[in-house]
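Read off the chains here:
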Amino acid sequence: MVSKFIGITTLSAVIMTGCAGLSADDPVVGFIFKDVQDPTANNVGNGGRVSKTGTATCTEILGWVATGDCSIATAAKNGGITQVSTVDHHTHSILGIYATYTTKVGGN
């Protein structure tokens, strides 16, 4: 009886969370756990020289609420970067309940 309850509860949670932590840009899907570094674009300018880095993060809860600004422009602003050289993304998700998507830029 307890295992049936756990199974139904888990299935309900997966269905209700939808696609929390999923993005079209993600290289892989991990429904239970995901911790992926995605090198989206390297050496996008300035010969790849990096003297500063900046990050910007978005957060998602249950696939219902998402907040934050994880844009390249915000990451560059947070790092004091005027010329972006590299762009990377990091996705972290646990059971689709809580997810973060971080953009990391490097440049000068």
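Only a predicted model underlies this, so the values are computations on that prediction, with no experimental measurement involved.

Across its full length, the chain holds 2 helices and 5 strands. In the chain, the succession of helices and strands from N to C terminus is α-β-β-β-α-β-β. Considering the chain as a whole, with its 108 residues, one finds that 33% of them fall into the buried category. Surface accessibility of the chain: about 6,700 Å² in total, with carbon and sulfur atoms responsible for 65%.

What follows concerns the state of the cysteines. Under the definition given, this model contains 1 disulfide. The disulfide that involves C58 links it to C70, with 2.3 Å between the sulfurs. The chirality of the disulfide connecting C58 with C70 is left-handed, given an S-S dihedral of about -95°. Of this pair, C58 sits in strand β2 (residues 52-61) while C70 sits in the loop between β3 (65-68) and α2 (72-78); the two residues are 12 residues apart in sequence, bridging distant segments of the chain. An identical accessibility class is assigned to C58 and C70; each is buried.

Mapped onto the elements, F33 comes out in strand β1 (residues 33-41). Through-space distance from the C-alpha of F33 to that of H92 is 7.7 Å; in sequence the pair is 59 residues apart. F33 has contacts with H92, S93 and I94, leaving out every residue within four places of it along the chain.

Examined bridge by bridge, β2 and strand β5 (residues 98-107) share 10 bridges and lie antiparallel to one another. Across the sheet, residue E60 finds its bridge partner in β5, namely A99. The turn linking β2 back onto β3 is made up of 3 residues, and L62 within it adopts a positive phi angle of 60°.

Of all hydrophobic cores here, the largest spans 6 residues; its members are A56, A75, A76, I81, V87 and V105. Ignoring sequence-local partners within four residues, the contact set of V105 consists of K52, T53, G54, I72, A75, A76, I81, V84, T86 and V87.

Attention now moves to the confidence of the model for the chain. Per-chain confidence: the chain averages 77 in pLDDT, with 64% of residues scoring 70 or above. Across the chain, the element-wise mean pLDDT spans from 52 in helix α1 (residues 2-17) up to 96 in α2. Confidence drops under pLDDT 50 across residues 14-23; counting only partners more than four residues distant or on other chains, this segment forms 24 contacts.

As a further point, take a nonpolar patch on the surface. Together, F31, I32, F33, I61, W64, V65, I94, L95, I97 and Y98 make up a nonpolar patch on the protein surface, roughly 1,100 Å² of accessible area in all. Residue placement: I32 occurs in the loop between α1 and β1.

Next up on the list: unusual backbone geometry. Most of the time, phi is negative for any residue but glycine, and the peptide bond is trans. Of note in the backbone geometry, L62 takes a positive phi value of approximately 60° without being a glycine. Tracing the chain through its elements places L62 in the loop between β2 and β3. Positive phi outside glycine occurs at L95, with the angle close to 55°. Structurally, L95 can be placed in the loop between β4 (84-94) and β5. Under the relative-accessibility criterion, L95 is labelled partly exposed at 44%.

Conventions adopted
- Positions within a chain are numbered from 1, following the residues in the order the chain's sequence is written.
- The predicted nature of this model means local features are confined to residues of pLDDT at least 70 and side-chain atom pairs, given and counted, to a pLDDT of 80 or more, with totals for whole chains, interfaces and linings taken over all residues.
- The basis for the side-chain values is all heavy atoms of the structure; hydrogens and waters are excluded.
- Secondary structure is summarised from DSSP: a helix means a run of H or I of at least four residues, a strand means a run of E of at least two, and numbering begins at the N terminus for each.
- Residue burial is assigned from relative accessible area. The probe radius is 1.4 Å, only protein chains are included, and a residue is buried under 20% of its type maximum, exposed over 50%, and partly exposed in between.
- Exposure was quantified through the Shrake-Rupley algorithm and a 1.4 Å probe, taking into account, for residues, occlusion by the shown protein chains and nothing else.
- Cysteine sulfur atoms that come within 2.5 Å of each other are treated as a disulfide pair.
- Contact criterion: two residues are considered in contact whenever any of their non-hydrogen atoms come within 4.5 Å of each other.
- DSSP bridges decide pairing: two strands pair if at least two such bridges lie between them.
- Only buried residues count toward a nonpolar core. Its members are Ala, Val, Leu, Ile, Met, Phe, Trp, Tyr and Cys residues joined through side-chain atoms within 4.5 Å.
- By definition, pLDDT measures how confident the predictor is in each residue, and it falls between 0 and 100.
- Like charges are joined within 9 Å and nonpolar side chains (Val, Leu, Ile, Met, Phe, Trp, Tyr) within 5 Å, but only among residues with over 30% relative accessible area and no salt bridge; these make up the patches.
- Salt bridges are defined by distance alone: a side-chain nitrogen of Lys or Arg within 4 Å of a carboxyl oxygen of Asp or Glu.

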